[in-house]
Structures are given as C-alpha cells and as structure tokens.
Amino acid sequence: MLWVPRHPHPHPLLAAHDFPMTETCSAPAVGVVRRPSVIAPILTTVAFTFATYLTIGLSLAVLPGFVHGTLGFGAMLAGLAISTQYLATLLSRPQAGRMADSLGPKYTVLAGLLLCAASGGLLLLAVLLSRQPILSLGMIMLARLVLGCAESCVGTGAITWGMGQVGHQYTARVISWNGVATYAGLAAGAPLGVTLAHAYGFSAIGATTLVLMLLALPWACRKPATAIVSGERSPFRAVATHVIPYGVGLALGSIGFGCIATFITLYFAAHYWTGAAASLSVFGATFVGARFVFARTIDWAGGYKVAMASFAVEAIGLLTLWMARDALAAAAGAAIAGLGFSLVFPSLGLEAVQRIPEHSRGAAIGLFYAFLDVAMAVAGPVGGWVAAGLGFAAIYGFAAGAAVLGFALTQVLRLRARRMAES
C-alpha cells in the first residue's frame, strides 16, 4: 500500500508541507529556510541536467546529416538514429528511479555522467570508422542507446538529489528548475552543435560531449551525497498504480510540445510562411519564462489547480495554431502553448510523488518522467498520420484535444484526492 500521511488539513497542498523531515533533508523546517539557501543547492544540482541535455542537443540537428550524407544511409535510418535514444530513455527510466532509491541519487547522477561521456567516445569512434558505414552506424546506435540511459540516470537522479538537499516540501521547485535546465540545455545545444559541426566536423560533437562530462564529473564527486532513506521499498505495482494516472496527464500535455517541435517547420512550409525557427524560439522563451515567473504558484495554489490552468492555456495556444491564418498568429499560438505547457510537469509531478514514501520517490519520479518520453515517441507517428489525412494544421487541433483531456483527467484526480483527504 502507498503511504498517505495523516494530517488535520483536508487540502492536498497543506499535506505537502506536513511531511516529516527525514535524514535526507538537510534544510531546516519550513519558515526557517531562506530562499538563497534553497536555490543554491537546487541550481548546483540541476546543472548536471543542463550539461547532459546540452550534449543531447548537440547532436539533434547534425546527426541525421552525418548518417544520411556522410555514411550514405536513407532518411529512415537517419531518423531511427535519433529515436533510438528516446527508446532507451523510456525503457531505463524505472530502473534509474530504483537506482536512486537503493544506491542514492548521487551515485545515479555519477553513473549517468559516465554513460554520457561514453556516448561521446562512441561518437568519436563512429567518425573514425566512417569509411566502414555499417560499423560506424552501429557505433552511432550504441552511442544513442547509452546516451538514453544517461538521460534517465541524470534526469531522475538530479531531481531526487535536489529534493534530498532542500527538503521534500520544495519538490515542485526542484522539478521546475530541473525542467528549466532540461529545455535550456536542448535549446543551447542544437545551435552550438550546428556551429561546431560546420567549423570542425562531426567529430567535434563527440569531443565536446566527452570534455563536458569530464568537467562535470569532478564537480559531482565533490557535492555531498544525501543519506539513503531506510525502510522497505513500496512494491513497484503500488507505486505504478498511484503514478500512472498523473503520468497519463503529463503525456496528454506533452503531445502538444512534441507536435510543435516535430511539425512546426513543415506546417510553416506548407503555408509558404517564414519564421518557423522563430516560433520555436518563442515557444521556448515563454516556456522558460513561465517557469521563472509562475513556478511558486504551485506552492500556494496547489498542483491540481495549476495543472488545470496550464492545460487550459496550452489548449488555447494549440487551437490558435490550428486556426492560424498567417505566420504571426501561428507564432502567437506557439507562445501561448509554451506558456501553458511550462507548469504541467512540475504541478502534476508534485501531486504524483507527494503521497509516495520518501524511500520510493526515486522510482515514482522515474516512472512519471517516462510518460514524457512516451508522448515524444507517439507525437511523431500519430501527428504524421493526422497530417496525411487532414493536413498539418489538424495536428494542432488533435494536440489541443489531448490538452482538454488532460484538463478533465486532472479534475478527476483532484476530486479523488479531496475525497481521500476528507475520509
């Protein structure tokens, strides 16, 4: 059974602040912690997430060109080289969560950084083997599989490590900052990868990945570990039963992000508009900006209310994209969608993990995170199927419908949590 804390307050937000502090929580009680003492350990921990996703972003725009142009394989294999990472990430998320619970989040992050360094070395080997295309492609696929496992370890471990340092009452803030690090890393990595590849060739991607990880590893080693919470681990089935509904909500909200990232350039091209890249930039800017400005609303409004508001705003943005008549309207829709999607992950993530025992929260975070990978994997083929029959604009109508379903699901979860609190 899952652990549900007893408390005198019926509202689930108050329950998040009534959790007893454990040995993993190095911060004092709520009300004593000053903001600088909370932000500093969070930022120095999610920096490992930024470094990892920076390396992921490095290869996004240039790897397909290397596979297709240099090695001479078709577009399908070029796309498969990218998607292999997502598959590895999806399959390894739960294991990364269990590793964080049993061996500790610091160990999990260190393992992820080592795996990321190994992926850089494999990319360098692929360049050396470029005269033997099949072997080179094999090294690339292996590098992507290793990088996917690295993403799981660092993403899950950094959140759990941050929570252990500042206290679980700051779960939403840790998740929010980790999300900022994730998307900032991707946004910075893609143009940097293009610049490096043009200037020094594809080998620069592997070399930069290796150097970044060799710089991050000593830093991670010096950071203090948090104590592993003792106690019997909750059965994975019990954790999954609680987390999956919230994960489904995350997936419904992430479909819009996946459709924008995958199809916005084709959508603009189909209408002979310019500015697709600017629309992606605007989406990223509003996403990160909302995390900075509105992340603390989760603390006083509660995860359910913020998630429902986020789904509503995201749906409005996606509908605006669907009905856009020019590039400016489409860019505005992307901006609104980014604003809405920004807080879906931390708000639902808070509600997903706060009733899980502390010694099993790593597994819960890993499983919850996996639904983001599911959405990204599904958005491409499903969106392509919708576009083939109804056109590219219809993709965003489909994504808006998913956001509306996310809103409805969150309301159901909110009412269920209220009934549990009252009983």
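Here's a quick rundown of the structure. (Residues numbered from 1 in each chain as written. Predicted model: local features only at pLDDT ≥ 70, side-chain atom pairs only at ≥ 80, totals over all residues. Heavy atoms only, no water.)

Turning to the overall build of the chain, a few remarks are in order. From N to C terminus, the chain includes 16 helices and zero strands. Of all 423 residues assigned to the chain, the portion counted as buried reaches 56%. If you sum the accessible surface of the chain, you get close to 17100 Å²; carbon and sulfur atoms cover 72% of it. (Helix = DSSP H or I, 4+ residues; strand = E, 2+ residues; numbered from the N terminus. Buried < 20%, exposed > 50% of the residue type's maximum accessible area, 1.4 Å probe, protein only. Areas by Shrake-Rupley, 256 points an atom, 1.4 Å probe, with all protein chains shown as cover.)

Before going further, it helps to spend a moment on the pattern of salt bridges. One pass over the full model with this rule turns up two salt bridges. We note a salt bridge from Arg 93 to Glu 151, for which the minimum N-O separation is 3.5 Å. Linking Arg 93 in helix α4 (residues 75-102) with Glu 151 in helix α6 (residues 133-166), this pair joins segments that are 58 residues apart in sequence. Glu 151 shares its class with Arg 93; the two are buried. The closest approach of N and O atoms between Asp 299 and Arg 173, which form a salt bridge, is 3.2 Å. (Salt bridge = Lys/Arg side-chain N within 4 Å of Asp/Glu carboxyl O.)

It is worth spelling out empty space enclosed by the protein at this point. Across all of its chains, the model carries two cavities of 30 Å³ or more by this definition. If you add up the space inside the second largest cavity, you get close to 60 Å³. Taken together, Thr 55, Ser 59, Ser 119, Leu 123, Ala 143, Arg 144, Leu 147, Ile 205 and Thr 209 form the lining of the second largest cavity. Contributions of two or more residues to the lining of the second largest cavity are made by α2 (35-60), α5 (105-128), α6 and α8 (203-222). A per-element tally of the lining of the second largest cavity places α6 first, with three residues. Per-class residue counts for the lining of the second largest cavity are four nonpolar, four polar and one charged. (1 Å grid on protein atoms, 1.4 Å probe; cavity = no way out; pocket = protein on both sides within 12 Å on 5 of 7 lines; lining within 4 Å. Points joined across faces, edges and corners; volume = space filled by probe spheres on them. Nonpolar A, V, L, I, M, F, W, Y, C, P; charged D, E, K, R; others polar.)

Summed over the entire model, instances satisfying the criterion amount to 14 aromatic pairs. Aromatic side chains Trp 177 and Phe 292 sit 5.2 Å apart centroid to centroid with 80° between the ring planes, which places their arrangement in the edge-to-face category. On the criterion of sequence distance, the pair formed by Trp 177 in helix α7 (residues 171-200) and Phe 292 in helix α10 (residues 276-294) is long-range, its members being 115 residues apart. Note on Phe 263 and Phe 392: the rings are 6.5 Å apart at their centroids and 45° apart in plane angle, and the pair reads as tilted. Of this pair, Phe 263 sits in helix α9 (residues 236-270) while Phe 392 sits in the loop between α15 (361-390) and α16 (393-422); the two residues are 129 residues apart in sequence, bridging distant segments of the chain. (Phe/Tyr/Trp six-rings, centres within 6.5 Å; stacked < 30°, edge-to-face > 60°.)

Attention now goes to the nonpolar core. By size, the foremost hydrophobic cluster in this structure holds 89 residues, and its most contacted members are Leu 113, Tyr 267 and Tyr 396. Examining the composition of this core, we find that 15 residues originate from one element, α9, more than from any other. Core analysis: the next-biggest nonpolar cluster, separate from the first, contains 23 residues, Ile 82, Leu 122, Ala 126 and Met 141 among them. (Core = buried A, V, L, I, M, F, W, Y, C linked by side-chain atoms within 4.5 Å.)

Right, let's get into the side chain of Arg 144. With respect to the helices, strands and loops of the structure, Arg 144 is situated in helix α6. Within the buried set, Arg 144 has no salt-bridge partner at all; the shortest N-O distance to an opposite charge, 7.6 Å, is to Glu 151. When residues no more than four places from it in sequence are discounted, the contact partners of Arg 144 are Ser 59, Leu 63, Ala 81, Ile 82, Thr 84 and Gln 85. (Lys, Arg positive; Asp, Glu negative; His and termini not counted. Contact = heavy atoms within 4.5 Å.)

At their nearest, the axes of helix α14 (residues 344-353) and α15 sit 10 Å apart, and the two run at 140° to each other. With respect to α15, the axis of α14 lies oblique. The two elements α14 and α15 cross, and the hand of that crossing is right-handed. Counting all contacts with α14, which are made through Phe 345, Leu 348, Gly 349, Ala 352 and Val 353, the residues of α15 involved are Arg 361, Ala 364, Ile 365, Phe 368 and Tyr 369. In terms of residue class, the contact of α14 with α15 is made up of eight nonpolar, one polar and one charged. (Axes fitted to C-alpha atoms, helices over the stretch in contact; angles between N-to-C directions. Parallel < 35°, antiparallel > 145°, perpendicular 65-115°, else oblique. Left-handed = near helix turned anticlockwise from the far one by under 90°.)

Taken as a whole, the largest pocket encloses approximately 1500 Å³ of empty space. Around the largest pocket, the lining is made up of 50 residues, and of these Leu 60, Tyr 86, Leu 186, Phe 257 and Ala 261 lie nearest the centre. Looking at the lining of the largest pocket, the elements that each hand over two or more residues are α2, α4, α6, α7, α9, α10 and α15. Residue composition of the lining of the largest pocket, by class: 33 nonpolar, 13 polar and four charged.

This part covers the packing of α6 against α15. The contact between α6 and α15 brings their axes to 10 Å, and the two run at 135°. Judged by the angle between their axes, α6 and α15 are oblique. When the axes of α6 and α15 are compared, the crossing they make is right-handed. Residue-level contacts link Glu 151, Gly 155, Thr 156, Ile 159, Thr 160 and Met 163 of α6 to Arg 361, Gly 362, Ile 365, Gly 366, Tyr 369 and Asp 373 of α15. Of the residues in the contact of α6 with α15, the class split is four nonpolar, five polar and three charged.

With 30 residues, α7 ought to run about 44 Å at 1.5 Å a step, and its terminal C-alpha atoms sit 41 Å apart, in line with that. A positive phi of about 95° marks Gly 201, the residue just after α7. (Expected span 1.5 Å × (residues − 1).)

Bringing the environment of Leu 348 into the picture now. Relative to the elements of secondary structure, Leu 348 occurs in helix α14. Relative accessible area serves as the criterion here: at 1%, Leu 348 is assigned to the buried category. A C-alpha to C-alpha distance of 9.8 Å links Leu 348 and Ile 298, two positions 50 residues apart in sequence. Among residues more than four places away in sequence, those in contact with Leu 348 are Tyr 246, Gly 249, Leu 250, Ala 307, Phe 311, Phe 368 and Thr 410.

Next up on the list: unusual backbone geometry. The phi torsion at Tyr 272 lies on the positive side, around 60°, for a residue other than glycine. Inspection of the secondary structure puts Tyr 272 in the loop between α9 and α10.

Moving on, we come to the side chain of Ser 152. Structurally, Ser 152 can be placed in helix α6. When its relative accessible area of 0% is taken as the criterion, Ser 152 is described as buried. For Ser 152, the side chain forms a polar contact with the side chain of Ser 92, separated by 2.6 Å. When neighbours within four sequence positions are excluded, Ser 152 is seen to be in contact with Ala 88, Thr 89, Ser 92, Arg 93, Ala 96 and Gly 157. (Polar contact = N/O pair within 3.5 Å; in protein donor to acceptor, adjacent residues only side chain to side chain.)

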